[in-house]
Amino acid sequence: MTPGAQERSERQPLWFLLLLALAAAGGAVAYVPFLTVLLPVRVRDLAGDQAVDVLAYATFAGAFIASLANIAFGWASDVTRNRRGWIATGMIVSGALLVSVRWADTVPQLVAVIMAWQFGLNMLLAPILAWGGDCVPDEQKGLLGGLLAFAPAIGALSGALVTIPGLFDPDSRLVVVAGLVILMVSPALLFGKGRRLPLLMEPSIARSPAAGTPLAPQSPVRRMWTARLAVQIAEAGLFAFLVFWLSSLDIGLDESDSARLFSIVLVISVPLALLAGRWSDKADRPFIPLAIAAAISALGLLSMALAPNAQLAIAGYMVFGIASMIFLALHSSQTLRVLPRPQTRGRDLGVFNLTNTMPSMIVPWLAVSLVPVFGFEALFLVLAGLSLLAAVLVGSMIPRR
């Protein structure tokens, strides 16, 4: 049997892909409600007038620990060849540390707990996608990417759930979040044993000679990493400054409108990502949806910069938001296609995770340099250029037929 025929004969059942996606969504629930809602409230209660400074420091310290821990635990899961064990341990450790936030009575204690929590959180997160790389064949990676688009939506929904007024007190919210993570991650751990495919544990260069060497300047790995970083910077820039931009439009919009816009973007992007991923599997054209989504993201940002009125500018934001979320979801799974060495898959995905943490360090400096002098339009033009760069990089990987 040829390698291609073998891979086709070992497709994963849909139930396993759904459990993997549910586990990934559990990973999002583990941090989205806490970082976006619960932590800022806790910091405000402890720090008072210094809340913004304390939150910035805590976020930066947490991102630094997350970057290192993600690489370390990805590598540990490579060495031990036991993804499920690390995921289970990380689920327990991060949940316990999350609940312990309720006993942090001073700012130094809170920052210390957050740093420890990031350590445990990435023990959970780092092996999940690597486990998908061990189990899901290339011809199902588009579908997996589409299913992964549910993760940020479920993360945001969980934040809305635990903060319903009168439903849970502040301390109980932490317990509820930890419990939701266990409920969502455990099914994959319980029923996912023995799903690893031997073919996917062979070096990808052997499976795909045209891929080139991983260290070549124009290797697919480098292009995929740079493309994701470019789109993540654009996405982080819009996420961080959306409220301020909406206020600058002077049409009476506030943070609640920002939340509604973001919810609409999530609702629309999830089914579109699923359709795009499924199409890429059937057509065997994995990089075309990525290139198109990045290009549309650039158009959305360009229209935000050049729109003659606020309504068209908001429409441009929605176009960008939908397209960028589709790109990031599909990119996560298609990255597994280009990583050259299964033996270091977890570590390499940890390096890719830097594209998630680095933007939080880059975006504030970018905004401070551009917005006060040139306005938001200049920021959007720069971000459009980054998205267009991502489209070019991914588009260069599309084979000619």
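Residues numbered from 1 in each chain as written. Predicted model: local features only at pLDDT ≥ 70, side-chain atom pairs only at ≥ 80, totals over all residues. Heavy atoms only, no water.

A word on the confidence of the model for the protein. Low pLDDT means the predicted atomic positions in that stretch should not be read closely. Summing up the model confidence of the protein, the mean pLDDT is 86 and the portion of residues at 70 or higher is 91%. The weakest mean pLDDT in the protein belongs to helix α1 (residues 3–9) at 44; the strongest belongs to helix α4 (residues 83–100) at 96. With pLDDT under 50 throughout, residues 1–9 is counted as low confidence; its partners more than four residues away or in other chains account for 11 contacts. For residues 205–218, every residue scores under 50 in pLDDT, and the model assigns this stretch 19 contacts once sequence neighbours within four places are set aside. (pLDDT = per-residue confidence, 0-100. Helix = DSSP H or I, 4+ residues; strand = E, 2+ residues; numbered from the N terminus. Contact = heavy atoms within 4.5 Å.)

Turning our attention to the packing of α4 against helix α8 (residues 170–191). It is the contact of α4 with α8, at a shortest axis distance of 9 Å, that shows an interaxial angle of 170°. It follows from the interaxial angle that α4 and α8 lie roughly antiparallel. Residues R84, I87, A88, M91, G95, L98 and V99 of α4 lie in contact with α8, whose contacting residues are L174, V175, V177, A178, V181, I182, V185, S186 and L189. Each residue belonging to the contact of α4 with α8 can be placed in one class, and the counts come to 13 nonpolar, 2 polar and 1 charged. (Axes fitted to C-alpha atoms, helices over the stretch in contact; angles between N-to-C directions. Parallel < 35°, antiparallel > 145°, perpendicular 65-115°, else oblique. Nonpolar A, V, L, I, M, F, W, Y, C, P; charged D, E, K, R; others polar.)

What follows deals with helix α6 (residues 141–148). Taking burial as the measure, the 8 residues of α6 include 8 buried ones, the bulk of the element. Taken together, the buried positions of α6 are K141, G142, L143, L144, G145, G146, L147 and L148. (Buried < 20%, exposed > 50% of the residue type's maximum accessible area, 1.4 Å probe, protein only.)

With that settled, consider unusual backbone geometry. Most peptide bonds adopt trans geometry, and most residues besides glycine take a negative phi value. Positioned with a positive phi, R81 is a non-glycine residue whose angle comes to about 55°. Turning to its location among the elements, R81 is positioned in the loop between α3 (51–80) and α4.

Turning our attention to helix α13 (residues 310–338). Relative to the 42 Å expected for 29 residues at 1.5 Å per residue, α13 spans 41 Å between its end C-alpha atoms, a close match to the ideal helical length. Its maximal kink placed at S332, α13 deviates by approximately 35°. Within α13, 24 of the 29 residues are buried, which leaves the element mostly enclosed by the surrounding structure. Where α13 starts, the residue carrying a side-chain oxygen 3.2 Å from the main-chain nitrogen of Q311 turns out to be N309. (Expected span 1.5 Å × (residues − 1). Bend = angle between axes of the 7 residues up to and from the residue. Polar contact = N/O pair within 3.5 Å; in protein donor to acceptor, adjacent residues only side chain to side chain.)

Take the side chain of H331 next. Topologically, H331 is positioned in helix α13. For H331, a relative accessible area of 0% puts it in the buried group. Once you skip the residues sitting within four places of it in the chain, H331 turns out to touch M224, R228, L290 and F352.

Mapping S77 onto the fold places it in helix α3. Residue S77 is classed as buried on the basis of its relative accessible area of 1%. Those residues within four positions of S77 in sequence are excluded, and the remaining contacts are N82, R83, W86, P127 and G346.

Where α13 meets helix α14 (residues 345–357), the closest approach of the two axes is 11 Å, and the angle between their N-to-C directions is 140°. By the criterion of interaxial angle, the relationship of α13 to α14 is oblique. Note on packing geometry: the crossing formed by α13 with α14 is right-handed. For the pair α13 and α14, contact is made by H331, T335 and L336 and by R345, L349 and F352, respectively. (Left-handed = near helix turned anticlockwise from the far one by under 90°.)

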